[in-house]
Amino acid sequence: MALRVAATRAAPRVLSRLSQQRGMATEKQIFNKIGATKNIQKITSSMKMVSAAKLKGDENRLAAAIPFNSWTTALCTEPKILEDATFEDLPAKTLIVPFTSDKGLCGGVNSYISRGVKSAVAQLKDQGKDCDIVVVGDKGRAQLRRFVGERIKRSATDVVSPGSFNLAAALSSELIAAGAADYDAVCIMYNSYVNPAVYNQLYKVVKPFSGEGESEPMMEYEFEPDTKSEVLVDLYEYALTSQIFHSFMDGAAAEQSARMAAMEGATKNAGEMIESLTLQYNRARQARITTELIEIISGAAALED
């Protein structure tokens, strides 16, 4: 009987301690979440500043690449908007070359290009045309091989950044090795930098300089006998390299601007989450203190009785 009375008297104190422990655990969990979110906020803020510094260098390289590539405008078509494109200007057999990044955390840079490639493949198939893909960038390869993996002939990943003309020449050699000369055209899809807040998706078509009769290219120029075909092959490779170089510089600037915007948004979201968690932490702490005060006052009242 005495044991039963003792147990009855001790039960409220045990339940109170268990409730307090659960409250402390919840409070501690919220505190840990606040600390983890603050660490993430520091990382995203640092990544934003790093991207802003890299963007300046990419802008300078892009400014130098634009006049360097301007001569190809007279030989190749002007870049066109990728969104809502019908791709009716592409020939019967096309090699699609999407430029994506090897790293993530850069918004929709890679997703937009992958979406454009999937749309191009579907529309070309409906038009009775054939196409293959050579992917530049690990993120694009990972996204595209789930949907059009059977059309991917080759991929180039771990591309050194910042890029150079030598890198563009190496990528052009990869395309030539993949049989670019056997296709009617090479379609390059890339992100085009406009300003730190805006970038567009474009595609441009590079066709081999070949043909006979009225379609023979560069009729207005004179060539040494039996050398025109060789010169045109070399000129095509150089034009392809120049276009790849410009696309690579343009895509690199767009990637850094998108990453800077994404990290700015992540930093802002982390700040809002910290404020929300801090409010929850203060409420849990106040509830614990209130519970403890009620227990103290109840105990003091019980002693007086």
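Use the structure listed above.
This section reports on the structure supplied with the text. Please read all numbers here as calculations on a predicted model, not as lab measurements.

1. As for the nonpolar core
Step number 1: Counting residues in hydrophobic clusters, the biggest one holds 40 residues, and the most contacted among them are L95, F99, L175, V186, I188, L240 and I244.
Step number 2: Put simply, the parts of the chain that give this core at least two residues each are α1 (2-69), β2 (93-98), β3 (130-136), α4 (165-177), β5 (185-195), β6 (198-206) and α5 (228-304).
Step number 3: Sorting elements by how many residues they give to this core places α5 first, with 12 residues.
Step number 4: The residues contacting V186, other than those within four sequence positions of it, are L95, V97, A180, K204, V205, V206, Y236 and L240.
Step number 5: The next biggest cluster of nonpolar side chains, apart from the first, holds 21 residues, and it includes I113, I133, I152 and V205.

2. Structural notes on the environment of R145
Step number 1: Tracing the chain through its elements places R145 in helix α3 (residues 138-148).
Step number 2: Judged by relative accessible area, which is 53%, R145 ranks as exposed.

3. As for the sheet that holds β2
Step number 1: Judged by pairing direction, the sheet is mixed, and its six strands sit side by side in the order β1-β6-β5-β2-β3-β4 without closing on themselves. This sheet does not close on itself; its edge strands, each paired only once, are β1 (80-81) and β4 (152-156).
Step number 2: Where β2 and β3 come together, four bridges link them in parallel fashion. Across the sheet, the residue bridging to K93 is D130, located in β3.
Step number 3: Along the sheet, helix α2 (residues 109-126) makes contact with β2, β3, β5 and β6, crossing β5 at roughly 150°.

4. Focus on α2
Step number 1: If you check α2, its first and last C-alpha atoms are 27 Å apart, about what 18 residues at 1.5 Å a residue would give, namely 26 Å.
Step number 2: If you check which residues of α2 are buried, you get V109, N110, I113, S114, G116, V117, A120, V121 and L124. Seen end-on, α2 carries its buried residues on one side only, within an arc spanning 160°. Those residues of α2 that are exposed and aimed more than 90 degrees away from the buried face are R115 and D126.
Step number 3: Residues of α2 that are buried sit in contact with β2, β3, α3, β5, β6 and α5.
Step number 4: Two residues or fewer past α2, G128 is found with a positive phi of approximately 75°.

5. Notes on the side chain of T267
Step number 1: Of note, T267 is situated in helix α5.
Step number 2: Its relative accessible area of 16% is what places T267 among the buried residues.
Step number 3: Among the polar contacts made by the side chain of T267, one reaches the side chain of T44 at a distance of 2.9 Å.
Step number 4: Sequence-distant contacts of T267, defined by excluding residues within four places in its chain, comprise Q41, T44 and S45.

6. Focus: the pairing of β6
Step number 1: For β6, the tally of buried residues reaches seven of nine residues, placing the bulk of the element in the interior.
Step number 2: As defined by bridge partners, β1 adjoins β6 across two bridges and the pair is classed as antiparallel. If you follow I81 over to β6, its bridge partner there is L202.

7. Side note on the packing of aromatic side chains
Step number 1: Scanning the model with the defined rule gives nine aromatic pairs in all.
Step number 2: Seen in terms of ring centroids, Y112 and Y199 are 6.4 Å apart; in terms of plane orientation they differ by 45°. Their pairing is tilted. Residue Y112 is found in helix α2, and its partner Y199 is found in strand β6; the two are separated by 87 residues along the sequence.
Step number 3: Here Y112 falls in the partly exposed class, since its relative accessible area comes to 35%.
Step number 4: Plain terms: the ring middles of F165 and Y238 are 6.0 Å apart, the flat faces sit at 55° to each other, and that makes the pair tilted. Residue F165 is found in helix α4, and its partner Y238 is found in helix α5; the two are separated by 73 residues along the sequence.
Step number 5: Aromatic rings pair up to connect F68, W71, F165, Y238 and F245 into one cluster.
Step number 6: One Lys or Arg, K93, reaches over the ring of Y183 and ends 5.1 Å from the middle of that ring.
Step number 7: Cation over ring: K118 sits above F147, and NZ or CZ is 4.1 Å from the ring centre.

Scoring rules and cut-offs
- Residues numbered from 1 in each chain as written.
- Predicted model: local features only at pLDDT ≥ 70, side-chain atom pairs only at ≥ 80, totals over all residues.
- Heavy atoms only, no water.
- Core = buried A, V, L, I, M, F, W, Y, C linked by side-chain atoms within 4.5 Å.
- Buried < 20%, exposed > 50% of the residue type's maximum accessible area, 1.4 Å probe, protein only.
- Helix = DSSP H or I, 4+ residues; strand = E, 2+ residues; numbered from the N terminus.
- Contact = heavy atoms within 4.5 Å.
- Pairing = 2+ DSSP bridges.
- Axes fitted to C-alpha atoms, helices over the stretch in contact; angles between N-to-C directions.
- Expected span 1.5 Å × (residues − 1).
- Arc of directions from axis to C-beta.
- Polar contact = N/O pair within 3.5 Å; in protein donor to acceptor, adjacent residues only side chain to side chain.
- Phe/Tyr/Trp six-rings, centres within 6.5 Å; stacked < 30°, edge-to-face > 60°.
- Lys NZ or Arg CZ within 6 Å of the ring centre and 35° of its normal.

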